[in-house]
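# A structural walkthrough
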Amino acid sequence: MGQGALLFDLDGTMLHSDPIHLAVFADMMAPLGLDVSEDFYMTHVHGRLNVDFFAEFLPDHPDPQRLSDDKEAAFRARLPRPYPAMAGVVALMARARAQGWKRAVVTNAMRPNAECMLDAIGLRDQFDTIIIGEECSRGKPDPEPYRAAMAALDVAPEHAIAFEDSPSGVRAAAASGAYTVGIRSSLDDATLRAAGAHVTLSDFTDPALAPVLARLTGAPQ
């Protein structure tokens, strides 16, 4: 027991928050000349740092940090409390505690958003550390946030399982050396595997989770 770690993305992995982000982005970007459809959001926004998105699509905006802050404040205002966690994630956290597995959130969300989402799903006190992409030298898709989480938990990559829902996050987790699980909350199996996922799950009630967790228990896979 206690020889492994579970590393969780937040948006779209522990809660299905993408529809709220999409609505906020669409409302904010329309006056700036960008039509944020669902396809546009999934292709260009999903899983990325705001600053990376703005650098690509609004390179001449005078205050991208203020724009990012306003967008995330709007998201927090629209997030209902309480809000449902992804199916099965509460039970998985209980199992992780019982097994002695270390637990981290690894997210490109800013810290106030991460705290807000964890409070909304009732899991704020369940993690050993919360790693914020914009507080690292580089955010996802760079592996640095996952490396920072494993360093904080003192866990080797071969003893870590990462759960992600976006190509950006999957690439980051896979490049860190963690066993990478794609959550099909918004994207399909093929898309997540193409980004580097070793396996994908519909959510945390998927029977395919059992052999994934067996990697940490030493049980036959």
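Refer to the structure presented above.
Of regular secondary structure, the protein possesses 10 helices and six strands. Computed over C-alpha atoms, the radius of gyration of the protein comes to 17 Å, within 12% of the 17 Å expected from 2.2 N^0.38 for 221 residues, which places it in the range of a compact globule. Considering only C-alpha atoms, the protein reaches an extent of 55 × 35 × 30 Å along its principal axes. Going through the 221 residues of the protein one by one, you find that 52% of them count as buried. Long-range contacts, defined here as pairs at least 24 residues apart, represent 64% of the contacts in the protein between residues at least 6 apart. Split by element, the accessible area of the protein, about 9400 Å² in all, is 51% carbon and sulfur.

Of note, N108 is situated in the loop between β2 (102-107) and α6 (111-120). Residue class for N108 comes out buried when judged on its relative accessible area of 11%. Here K140 takes part through its backbone nitrogen, which lies 3.2 Å from a polar atom of the side chain of N108.

On to unusual backbone geometry, then. Residue P82 follows R81 across a cis peptide bond; omega there is -5°. In this fold, P82 is placed in the loop between α4 (64-78) and α5 (89-99). In this structure, the amide linkage connecting K140 to the following residue, P141, adopts the cis form with an omega of 15°. Following the sequence through the fold, P141 ends up in the loop between β3 (129-132) and α7 (144-153).

Another aspect to go through is the sheet that holds β3. One open sheet holds the six strands; their spatial order is β3-β2-β1-β4-β5-β6, and the pairing between them is parallel. Both outer strands of the open sheet, β3 and β6 (199-201), are each paired with one neighbouring strand and no more. The sheet shows a mean angle of 25° between the axes of neighbouring strands, direction not considered. Sheet topology note: the strand β1 (residues 5-8)/β2 ladder contains four bridges and is parallel. Each bridged residue has a counterpart across the sheet, and for A5 the counterpart in β2 is K102. Those strands touched by α5 are β1, β2 and β4 (160-164), and its axis lies near 150° from that of β1. This element, helix α10 (residues 209-217), spans β1, β4, β5 (179-183) and β6 of the sheet and lies at about 145° to β4.

Rules used in this analysis
- Residues numbered from 1 in each chain as written.
- Predicted model: local features only at pLDDT ≥ 70, side-chain atom pairs only at ≥ 80, totals over all residues.
- Heavy atoms only, no water.
- Helix = DSSP H or I, 4+ residues; strand = E, 2+ residues; numbered from the N terminus.
- Rg over C-alpha atoms; globule rule 2.2 N^0.38 Å.
- Buried < 20%, exposed > 50% of the residue type's maximum accessible area, 1.4 Å probe, protein only.
- Contact = heavy atoms within 4.5 Å.
- Areas by Shrake-Rupley, 256 points an atom, 1.4 Å probe, with all protein chains shown as cover.
- Polar contact = N/O pair within 3.5 Å; in protein donor to acceptor, adjacent residues only side chain to side chain.
- Pairing = 2+ DSSP bridges.
- Axes fitted to C-alpha atoms, helices over the stretch in contact; angles between N-to-C directions.

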